[in-house]
Amino acid sequence: LLLYKSFVQSHLEYCCPLWSPHLQRDIIQIEPVQISFTAKIQGLSELNYWDRLHRLSPYSLQRRRERYTIILVWKIEHGILPNNVNLNFRDTSRYGTTCIRPFGNSKY
């Protein structure tokens, strides 16, 4: 598991808030890397993918990418990172802080 985290997972998650796939077909192409690797761990091959993840305690790759994106948006909202993508933040009494990204207004 340490080799996977060091060599494979680090490449799959590098700068993931920038390139994170949003189409289901793209997500389905990335997740099998972790599925295949966890199936090769001795003693876990008979379990399904979600049970293997529960035993090993990592999140799915999709869940980890979503987490990194949320952290990035939080840092932009609190001024830790520059807002180069023109995100707009609005406080509402019902939903708390919401983030709006205007399409077509970004430098990227």
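Residues numbered from 1 in each chain as written. Predicted model: local features only at pLDDT ≥ 70, side-chain atom pairs only at ≥ 80, totals over all residues. Heavy atoms only, no water.

1. Brief notes about the confidence of the model for the protein
Mean pLDDT over the protein stands at 82; residues scoring 70 or higher make up 93%. Here helix α2 (residues 16-19) is the element of the protein with the lowest mean pLDDT, 71, and strand β1 (residues 88-92) is the one with the highest, 91. (pLDDT = per-residue confidence, 0-100. Helix = DSSP H or I, 4+ residues; strand = E, 2+ residues; numbered from the N terminus.)

2. As for unusual backbone geometry
A positive phi is found at Asn-86, a non-glycine position, where the angle reads about 55°. Here Asn-86 lies in the loop between α5 (61-77) and β1.

3. Some words on the pairing of strand β2 (residues 96-100)
Alignment of β1 against β2, held across five bridges, turns out to be antiparallel. Directly across from Thr-92, in β2, lies its bridge partner Gly-96. Linking β1 back to β2 in an antiparallel pair, the connection comprises three residues. (Pairing = 2+ DSSP bridges.)

4. Describing the environment of Ile-28
Of note, Ile-28 is situated in helix α3 (residues 24-39). For Ile-28, a relative accessible area of 51% puts it in the exposed group. Spatially, the C-alpha atoms of Ile-28 and Gln-62 are 9.4 Å apart, while their sequence positions differ by 34 residues. (Buried < 20%, exposed > 50% of the residue type's maximum accessible area, 1.4 Å probe, protein only.)

5. Some thoughts on the side chain of Arg-52
With respect to the helices, strands and loops of the structure, Arg-52 is situated in helix α4 (residues 49-56). Within the local environment of Arg-52, its side chain forms a polar contact with the side chain of Thr-38, the two groups lying 3.0 Å apart. Within the structure, the side chain of Arg-52 is placed 2.7 Å from the backbone oxygen of Leu-47, a separation counted as a polar contact. (Polar contact = N/O pair within 3.5 Å; in protein donor to acceptor, adjacent residues only side chain to side chain.)

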